[in-house]
Amino acid sequence: MLAYVEKIKELQSKGLTLTNPNATESHISAEFANGRVAMILYGLWNASIYKSMGIEYGISPLPVGKNGKVSKPLATVQGFVINRFTNDLDATKSFLEFILKDENQQRLIEAGNRGDRKTGERNPANISVINSKYIEEDTVLSSLSNIGFNCEPFPNVPEGPIWYNYTSTALRAIFYGDTAGNEVDAQEKLLELAERIRADVALINEIPEKIDIQASHVLIFAAFLAGLIAAVVLLRKATKRNTSQISPLDRTEKLGTKNTMIAWAMLLPLLLLLLVFYVFPIFHNIYLSVTNYSGVNLRDYGIVGLTNYREIFTSGIGGLASMFVWTITFAFMVVTISFIVGTALAVTLDKVGIRVAKVYKLIFILPWVVPSVITLLMWRGMLEDQGLVNQILSLFGINSVPWLSHCLAARASSIIVMSWFSFPYFMVISSSILKSIPKDYFEVARIAGAGRLYIFFKITIPLIIRAIFPMLVMSFIMQFNQFGVYLLTQGGPPGSRLGSPGATDLLITYVFNTAFNTKRYSLAAAYSVIAFCFVAVFAVVSLRIANRKSY
Amino acid sequence: MYNVKKRVGRILVHFILLILAVVTIIPFFFVVLISLGKNVIDTSVFFVKELTLDNYSRLFTETRFSNWLINSLLLATVTMILSVIVVSLSACAFSRLRFQGRTKLFNFVLLIQVFPLTLSMVSIFRIFLALGLLNKIEGLIIVDSAFASAGLVLIAKGYFDTIPYSLDEAAMIDGANRFRILTQITLPLAKPMIAVVAIQSFVIAYNEYAIASTVMTQKLEAMPLAVGLQSMIEGQFGINWSVYCAGAVLGSIPMLVLFYSLQKYFIGGLTEGSVKA
């Protein structure tokens, strides 16, 4: 591996390779299709595009190594796998036998290569198919199948995807330097990579001691819980104010059992939905966080106590703290920026002519209306190193900014893009509220000689804040729980240690990453319990403030 | 002097507005442009050399786009109906009936939304697994209704609060029972809010991606729009961005049509019941 890395670095220093730290395979393909690179290590998924662009390509066979043998790459196979818990073993077996017949494999390969188009998207592994006319007659297909002949099938094990999690990050650091731009020692990084992969494989195979729940433990825990609840209830009773007086403005009915029953009946659907989809997952997450549920032991996992929390608070504490700080910063900045921009626009559009304002409003509402999944991808494409934004900047003679690859820039980009999504919401709200503010306020201020900006910041904004404070809080919480950022940056430029949160990883995106990429669901559950505690405390506190502010 | 200043000020304002409008519109313009381009396999380079409408037809022949669109519309419509029912009942109860534990329950509803649904994906997956609702649109409808209702109860209650209770009282004196009051008096008066709830829940269900991607994974035909579109990009190598963008454009059209024709209800709903004038 070290030799390979050194060779590529040598080519890189001679300027013979593409340099794009964020390049994906589609970039490579595009460069080849444009005729800008002479050779790529890639597949034939875009063969028709190369042809249409006039590229005459060929496939080189696998190289012979120093030991005189042809290398044996790992190949991912389109295999057929039986689930050992299947209900109908016989049917599954007969299906397998059917699909593995030579003529059916032939059909599959031909369909996968889109019939006569022979695109090369699927390489046969079945010998009779390899020897068939369909493959032999086509130079490209036959070279491909020869290569396939020498491949080693990628093992179908749960540990399989682990190396995906870290390799590209490590290689990126080796070829392009770490997040601060410093050179990274290749050997060190490769060792770190190997260690990390081994550690994760070990973790995923670890069978920690299952703690047997003894009756006494359960009793102690139940007593503790009961005591806690009793304490809370008593505390609230002691500090409760006298709320028995019914204010004269009270226009709803008094307490009555009939009413209570009706009310609860009407509320049943909502409560049911909330209980199932909000309350249960909270407890379920708490439960999962004390188990070792992960991708490997989907069926036989057990309670392991606080191991996950221990792991979070020892090795992950740095990451957790920085993520937490960043998430709060992110949410706060997004809400602030979108609120101020939205309100400013509302104020401005108020003053401009009505028809013009209407047109502008229609345009400005767009980010809110279109499904964000799509526009996030577009933004990602635009912010790449050769993306639209940098191209426009280059028209002005400004060097390309590493919007998504540099730590600080990526954070700024994520804030700006997410504000772009949220400002229409505030623009609309502020616009409506502005209409209800008496114009006299502004008249008085202007007569007293206040400048526009002063009016805006010292009068308009505070008034609107007071009116929609709960919404600001809700918006903050929404941004705290924002998932869309993941589609934009995938967690941002990766952290310095492999597996630690990236620069733009919010708590949620990191949890999601842990859960679905490293398949360690119990760890993700532990993180989400912690995240929930943060958010719950915050919500309660802000609700108290909100209630106090409005009366 | 003052007039010149005012002129310059106004031009400046228009200039800034224009720039902001351009910034706002650029990503959409980009999407449309790519959808008309030929064989765009890369979003970073300005790859669009020829314009063609090919991609739109390829969208329907090569992918399951029509299924996805219908699924999403179905999902959104049923979610809308369900949410309207749930929210109307709940908001009515919270607003007009004084019962044991009213404020506590309301605060509970508000607070519980703080927990992000994305974190409960594993739990929801297991619930659906146990109930046999995986990969079925019904399950997704229920989750989206929960999500939408939780968020909309607050503003709905605010609006119901503004409907005078005297009407209810008058009806009760005349001998109507609660149910009649609800259906024949309160709900008709709350039409604007019902419209808002309907539209907002429709939008939420249509745009939702995180839960849908966890729950609907098996059959390509069963996926809603957002998941289907993403599946074009995730799995296989060799993404064809032009077809994806064509899908994106067509997929956004229902939202745009809905929004621009019912603007009033979209915008109205945000401020109903929240303005403390």
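A quick note: this is a predicted structure, and the numbers were derived from the prediction, not measured. (Residues numbered from 1 in each chain as written. Chains lettered and ligands numbered in written order. Predicted model: local features only at pLDDT ≥ 70, side-chain atom pairs only at ≥ 80, totals over all residues.)

Novice: Describe the overall build of chain B, with residues and values.
Specialist: Secondary structure summary: chain B contains 13 helices and zero strands in total. Residues classed as buried in chain B amount to 47% of the 277 residues present. Counting only contacts in chain B whose residues sit at least 6 apart along the sequence, the fraction spanning at least 24 positions is 76%. (Helix = DSSP H or I, 4+ residues; strand = E, 2+ residues; numbered from the N terminus. Buried ≥ 20, exposed ≤ 12 C-beta atoms within 10 Å, placed from the backbone. Contact = placed C-beta atoms within 7 Å.)

Novice: Describe the overall build of chain A, naming the residues involved and giving the relevant values.
Specialist: When helices and strands are counted, chain A shows 23 helices and two strands. Going through the 551 residues of chain A one by one, you find that 30% of them count as buried. For chain A, long-range pairs separated by at least 24 residues make up 63% of all intrachain contacts whose partners lie at least 6 apart in sequence.

Novice: With reference to specific residues and values, describe the environment of Gly318(A).
Specialist: Along the chain, Gly318(A) falls in helix 14 (residues 317-351). Between the C-alpha atoms of Gly318(A) and Pro501(A), which are 183 residues apart in sequence, the distance is 9.8 Å.

Novice: Describe helix 11 (residues 225-234) of chain B, and please don't skip the residues or the numbers.
Specialist: Among all positions in helix 11 of chain B, only Leu225(B), Ala226(B), Val227(B), Gly228(B), Leu229(B) and Met232(B) are buried. In the core, the buried residues of helix 11 of chain B are packed alongside helix 16 (372-382) of chain A together with helix 3 (65-96), helix 9 (191-207), helix 10 (210-215) and helix 12 (241-261) of chain B.

Novice: I'd like to hear about the nonpolar core, residue by residue, with values.
Specialist: Counting 155 residues, the largest nonpolar core has Val511(A), Val31(B), Val153(B), Ala156(B) and Val197(B) as the members making the most contacts within it. The leading source of residues in this core is helix 6 (residues 137-161) of chain B, at 15 residues. Once residues lying within four places of it in the same chain are set aside, the contact partners of Val197(B) are Ser83(B), Val84(B), Val87(B), Leu152(B) and Ala156(B). With eight residues, the next largest nonpolar core counts Ala47(A), Ile109(A), Ile130(A) and Leu144(A) among its residues. (Core = buried A, V, L, I, M, F, W, Y, C linked by C-beta atoms within 7 Å.)

Novice: I'd like a rundown of unusual backbone geometry, residues and numbers included.
Specialist: Residue and element names in this part refer to chain B. Positive phi, normally seen in glycine, also occurs at asparagine 135, with a value near 60 degrees. By secondary structure assignment, the location of asparagine 135 is in the loop between helix 5 (121-131) and helix 6. Judged by local crowding, asparagine 135 falls into the partly exposed class, with 15 C-beta atoms found within 10 Å.

Novice: Residues and numbers for the interface of chain A and chain B, please.
Specialist: By a widespread convention, an interface's size corresponds to the accessible area lost as its parts come together. Chain A puts 84 residues into the contact, and the matching count from chain B is 71 residues. Across the side of chain A that touches chain B, the residue classes tally to 56 nonpolar, 23 polar and five charged. (Nonpolar A, V, L, I, M, F, W, Y, C, P; charged D, E, K, R; others polar.)

Novice: Give me the packing of helix 14 of chain A against helix 18 (residues 407-436) of chain A: which residues, what numbers.
Specialist: Residue and element names in this part refer to chain A. As a packed pair, helix 14 and helix 18 sit with axes 6 Å apart at the nearest point and diverge in direction by 45 degrees. The orientation of helix 14 with respect to helix 18, classified from their angle, is oblique. As helix 14 packs across helix 18, the resulting crossing turns out to be right-handed. Counted by class, the contact of helix 14 with helix 18 contains 16 nonpolar, eight polar and one charged residues. (Axes fitted to C-alpha atoms, helices over the stretch in contact; angles between N-to-C directions. Parallel < 35°, antiparallel > 145°, perpendicular 65-115°, else oblique. Left-handed = near helix turned anticlockwise from the far one by under 90°.)

Novice: Run through the confidence of the model for chain A, naming residues and quoting values.
Specialist: All names here are of chain A. The share of residues in chain A with pLDDT of 70 or more is 85%, and the mean pLDDT across the chain is 77. Confidence scores differ between elements of chain A, with helix 11 (residues 215-239) showing the lowest mean pLDDT of 64 and helix 4 (residues 89-99) the highest of 88. Confidence drops under a pLDDT of 50 for residues 241-253, and excluding neighbours within four residues, the segment shows eight contacts in the predicted structure. (pLDDT = per-residue confidence, 0-100.)

Novice: An account of helix 8 (residues 139-149) of chain A is requested, with residue identities and associated values reported.
Specialist: All names here are of chain A. Among the residues making up helix 8, those that are buried are Leu141, Leu144 and Ser145. Buried positions in helix 8, seen along its axis, are confined to an arc of 95 degrees and lie on one side of it. Turning to helix 8, the residues buried within the fold contact helix 6 (127-130) and helix 7 (133-136). (Arc of directions from axis to C-beta.)

Novice: Before we move on, can you summarise the confidence of the model for chain B with the specific residues and values?
Specialist: Residue and element names in this part refer to chain B. Confidence in the prediction of chain B, expressed as mean pLDDT, is 79, and 88% of residues score 70 or more. Mean pLDDT values over the elements of chain B span from 59, in helix 13 (residues 263-271), up to 89, in helix 3. Note on residues 273-277: pLDDT is under 50 here. Beyond four places in sequence and across chains, it has 15 contacts. Overall fold confidence for the complex sits at a pTM of 0.77, while the interface term, ipTM, reaches 0.82.

Novice: I'd like to hear about the environment of Glu138(B), residue by residue, with values.
Specialist: Here Glu138(B) shows up in helix 6. Glu138(B) sits 60 residues away from Val78(B) along the chain, and the two C-alpha atoms are 9.1 Å apart.

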